[in-house]
Amino acid sequence: MSTSFEQMWSELTPIGRAGSGGYRRYAWTREDHILREWFAGEAARRGLDLVEDRAGNQWAWWGDPTAGNALAIGSHLDSVPDGGAFDGPLGVVSSLAVIDRLQAAGVRPSRPVVVINFVDEEGARFGIACAGSRIITGQLDADKARALTDADGISMAEAWRGAGRDPEDLGTDPELLGLLGQFVELHVEQGRALVDTDDPIGIGSDIWPHGRWRLDFAGVANHAGTTALADRHDAMLGYAQTVLGARRLAADHGVVATMGKVRVEPNGVNAIPSAVTGWLDVRGADEAAVTACVEAIAAAAADCDATISRESWTATTGFDPALTQQLSELLTAPVLGTGAGHDAGVLATHGVPTSMIFVRNPTGVSHSPAEYAELDDCLAGVDALQTVVEELTR
């Protein structure tokens, strides 16, 4: 029995919803378990064979996987803190809806089709985006992944054990990856380019270079009421100056820079901060400009008694030109780049021919409870993905 897009969307809506109206769906938590069970149930409902790779990504196969040259579709179900409903789940639900339509029409694809639910795409819990795809491709070392910790000091290895899994299973999975011929990821647009072109969908050309850096600012704890201003070594001041400097330097270099996460010690209202850790995210269309901006921010932070270390870096990631052109012509859709990272980018870097379909976002807001897409545009995305799957498996 097939399940419509609207029904699946309704089922997912309450899972992990926070008081803000946004979502907190973090990897290897109770909410993540519920989402994974939901995906497994949807796979079974459609007669798809479900397997997991060595990072816990779920693969729902339609057809014989061993035939190779499979067409992969799908996305992720996890979220950023208080994120929107569409980033990730739209691609998963749309992919399952396409399977419904094709099965109902009696279509038998000439090659295997697999719907993938990538785990920990946002990196909200352990700090590394696209962890699930990075681990299986070897872009994130398994030992480093196991040692990553969340805000409560719980390591990924401990989280895996808590989820009833053996963390020693974490690692690359060349056998499964070798079965892929192409990957097309549908995703809500994270920007408003399609509003300006008046198109319900667009095709991705590339992902901007982007990275994350950790900055540690040193200070000395002391009493907030009895320590003279001249006698203070306040780690928060260096952090604050760096935040403002990052904004100015980003504008100077034509890129975007964000410091959206911070940890303070001892974190008391009446205590001068002895240590502040902040995380920096920098992205831009030009790789040299991004690098130059980060170097300038690092120099400014060093003057504020800080050290900087890179946690992740992804160079400009171009999607497969031939596939991108084919999709653009097939769907009569504009081609656009994106400043957001995706599992599609990780697989593209690994050598899998990859492209993306973006669904119009009327406000351009993403990673927020206000993230939104019109139902008609979502269904236009399903139509587009169906057309692509039919064409690529004809």
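See the structure printed just above.
The notes below deal with the structure included here. All of these numbers come straight from a predicted model, not from anything done at the bench. (Residues numbered from 1 in each chain as written. Predicted model: local features only at pLDDT ≥ 70, side-chain atom pairs only at ≥ 80, totals over all residues. Heavy atoms only, no water.)

## Section: the side chain of Thr277
Phase 1: Within the fold, Thr277 resides in strand E9 (residues 275–283).
Phase 2: Given a relative accessible area of 7%, Thr277 falls into the buried group.
Phase 3: A polar contact of 2.7 Å, which involves the side chain of Thr277, links it to the side chain of Asp216.
Phase 4: With near-sequence residues (within four places) excluded, Thr277 lies in contact with Arg214, Leu215, Asp216, Lys261, Val262 and Arg263. (Helix = DSSP H or I, 4+ residues; strand = E, 2+ residues; numbered from the N terminus. Buried < 20%, exposed > 50% of the residue type's maximum accessible area, 1.4 Å probe, protein only. Polar contact = N/O pair within 3.5 Å; in protein donor to acceptor, adjacent residues only side chain to side chain. Contact = heavy atoms within 4.5 Å.)

## Considering the sheet that holds E9
Phase 1: Strands sit in the order E8-E9-E7-E10 across an open sheet of four strands; the sheet is antiparallel. The open sheet has two edge strands with one neighbour each: strand E8 (256–265) and strand E10 (306–314). Sheet twist, expressed as the mean angle between neighbouring strand axes with direction ignored, is 15°.
Phase 2: Where strand E7 (residues 210–218) lies against E9, nine bridges are found, and the strand directions are antiparallel. In the strand pairing of E9, Gly211 is matched with Val282.
Phase 3: Strand contacts of helix H9 (residues 235–253): E7, E8 and E9, with the helix running at about 175° to E8, the strand carrying the most contacts. (Pairing = 2+ DSSP bridges. Axes fitted to C-alpha atoms, helices over the stretch in contact; angles between N-to-C directions.)

## Concerning the packing of helix H11 (residues 321–331) against helix H13 (residues 375–392)
Phase 1: Between H11 and H13, the shortest axis-to-axis distance is 11 Å and the interhelical angle comes to 120°. Between H11 and H13, the interaxial angle falls into the category oblique. Judged by the twist between their axes, the crossing of H11 over H13 is right-handed. Contacts from Leu323, Gln326, Leu327, Leu330 and Leu331 of H11 reach H13 at Ala384, Thr387, Val388, Glu391 and Leu392.
Phase 2: A class-by-class count of the residues in the contact of H11 with H13 yields seven nonpolar, two polar and one charged. (Parallel < 35°, antiparallel > 145°, perpendicular 65-115°, else oblique. Left-handed = near helix turned anticlockwise from the far one by under 90°. Nonpolar A, V, L, I, M, F, W, Y, C, P; charged D, E, K, R; others polar.)

## Let's talk about the environment of Gly238
Phase 1: Structurally, Gly238 is set in helix H9.
Phase 2: Judged by relative accessible area, Gly238 falls into the buried class, the value being 7%.
Phase 3: Spatially, the C-alpha atoms of Gly238 and Asp198 are 44 Å apart, while their sequence positions differ by 40 residues.
Phase 4: Sequence-distant contacts of Gly238, defined by excluding residues within four places in its chain, comprise Phe217 and Cys304.

## A look at the packing of helix H1 (residues 5–12) against helix H3 (residues 89–104)
A pair of packed helices can be characterised by two numbers: the angle between their axes and the separation between those axes.
Phase 1: One way to put it is that H1 packs onto H3 with a least axis distance of 9 Å and a crossing angle of 145°. Pair H1 / H3 crosses with right-handed handedness. Contacts between H1 and H3 pair Phe5, Met8, Trp9 and Leu12 from the former with Pro89, Leu90, Val93, Ser94, Leu96, Ala97 and Asp100 from the latter.
Phase 2: Class assignment for the residues of the contact of H1 with H3 results in nine nonpolar, one polar and one charged.

## Quick notes on the pattern of salt bridges
Phase 1: The tally for this structure, following the rule as stated, stands at 15 salt bridges.
Phase 2: With a closest N to O distance of 3.0 Å, Glu42 and Arg45 form a salt bridge. One end of the pair, Glu42, and the other, Arg45, are both in helix H2 (residues 30–45), three residues apart, so they sit about a helical turn from each other.
Phase 3: Relative accessible area serves as the criterion here: at 38%, Arg45 is assigned to the partly exposed category.
Phase 4: A salt bridge links Glu42 to Arg46; the nearest nitrogen and oxygen atoms lie 2.8 Å apart. Here the two residues Glu42 and Arg46 agree in accessibility, since each one is buried.
Phase 5: Linked through salt bridges whose partners overlap, the residues forming this network are Glu42, Arg45, Arg46 and Asp100. (Salt bridge = Lys/Arg side-chain N within 4 Å of Asp/Glu carboxyl O.)

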